[in-house]
Amino acid sequence: MSMKTVTITVNGKLVRATEGEYLLKVLRREGIDVPALCQHDAVEPYGGCRVCMVEITKAEWNGWSDMVTSCLYPVADGLIVQTHSNQVIELRKTIIDLMLARNPHTPLIQQLAADYGINSTSFQPVPEPNDCILCGICTRICDTMGFHAISTVNRGHGREIAPPLGEAPESCVGCLACALNCPTNYIKFTDSGKTRTIWKKQFEMVTDKRTGAPTITREFAEYLIAHRNIPADYFDLNDESHRKETATNMGAIAAWSREDLK
């Protein structure tokens, strides 16, 4: 079944889109700069940060308009969108101002605030600020991968990302998907030789049989073997050794010198 193509108007320009497509995706495709801190292509839209708010209306709405989070709003034929009207900018500035009260020392928030002419928050800063912007990218990716090791807990100023009861999460496999996708690098981990530590949990690293270099955690390797049908011996080598092995085999096929590929 083919998807219906619709025409919307964005900042006075006619734009073609697929009916039901999320508005933020259309705006990004058109090269329109709308901030979105909780958007990540690997997970479903969340609408948590609210900075992607835009103004929408339709000709038949008789002048009535609304503010919506563009990451969650599906486009429909005849939609009229303003991404940088005075009302949108003022609303976006208020949201960023509140973010700056929670994350006054976070470079990502500081830069976003500066882009909108905000030098300091007009709200009372939280007593003990950190760099977690509560975008939820970490928890959504963890859930999507099926681990559910961390979640959002508490309310108000105490709202944070944490494992159950603040203890080392049993279901965490140390894959680092949460930490490596955190937009502010708030989630910390350490790799020390053959040991990785994250969320108060220590993991043994699988090592490359040729070089001894660590590859991934043993728990993550066992998960991938069991649930992704990856052969166990794949983890005998790390990515660099796999690339060298592939290059060597390709060299043999093309009659290249293996010595040149080492």
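To keep things clear, this report deals only with the structure shown in the data block. (Residues numbered from 1 in each chain as written. Predicted model: local features only at pLDDT ≥ 70, side-chain atom pairs only at ≥ 80, totals over all residues. Heavy atoms only, no water.)

### Remarks on helix α3 (residues 107–115)
Consideration 1: All buried positions along α3 are accounted for by I109, L112 and A113. The buried residues of α3 occupy one face: seen down the axis, they fall within an arc of 100°. Facing away from the buried surface of α3 by more than 90 degrees, the exposed residues are P107 and D115.
Consideration 2: On its buried face, α3 is in contact with α2 (86–102).
Consideration 3: In the stretch just after α3, G117 is the one whose phi turns positive, near 75°. (Buried < 20%, exposed > 50% of the residue type's maximum accessible area, 1.4 Å probe, protein only. Helix = DSSP H or I, 4+ residues; strand = E, 2+ residues; numbered from the N terminus. Arc of directions from axis to C-beta. Contact = heavy atoms within 4.5 Å.)

### Thoughts on the sheet that holds strand β8 (residues 189–192)
Consideration 1: Spatial strand order, β8-β9-β10-β11: 4 strands in an open sheet with antiparallel pairing. Edge positions in the sheet fall to β8 and β11 (214–217), since each of these pairs with one other strand and no more. When the angles between neighbouring strand axes are averaged without regard to direction, this sheet yields 30°.
Consideration 2: Pairing of β8 with strand β9 (residues 195–198) involves 4 bridges; the strand directions are antiparallel. Bridge pairing in β9 places S192 opposite T195. (Pairing = 2+ DSSP bridges. Axes fitted to C-alpha atoms, helices over the stretch in contact; angles between N-to-C directions.)

### Side note on the pairing of strand β3 (residues 53–57)
Consideration 1: Buried residues dominate β3, accounting for 5 of its 5 residues.
Consideration 2: Side chains M53, E55 and T57 project from β3 onto one buried face, and the interleaved V54 and I56 project onto a second face that is buried too.
Consideration 3: Relative to strand β4 (residues 66–69), β3 runs antiparallel, the two sharing 4 bridges. Along β4, the bridge assignment pairs I56 with D66.
Consideration 4: Both β3 and strand β5 (residues 80–82) contribute to a ladder of 3 bridges, which runs antiparallel. Bridge pairing in β5 places E55 opposite Q82.

### Overview of the pattern of salt bridges
Consideration 1: Applying the stated criterion across every chain yields a total of 6 salt bridges.
Consideration 2: The partner of E30 in a salt bridge is K13, and the shortest N-O contact between them spans 3.3 Å. With E30 in the loop between α1 (23–29) and β3 and K13 in strand β2 (residues 13–18), this residue pair connects regions lying 17 residues apart in the sequence.
Consideration 3: For K13, a relative accessible area of 48% puts it in the partly exposed group.
Consideration 4: Note that K209 and D236 form a salt bridge whose closest N and O atoms lie 3.5 Å from each other. Here the residue K209 occupies a position in the loop between β10 (201–207) and β11, and D236 occupies one in the loop between α6 (218–227) and α7 (239–253), the gap between them amounting to 27 residues.
Consideration 5: Owing to a relative accessible area of 65%, K209 belongs among the exposed residues under this scheme. (Salt bridge = Lys/Arg side-chain N within 4 Å of Asp/Glu carboxyl O.)

Remember that the coordinates give geometry; whether it matters functionally is a separate question.
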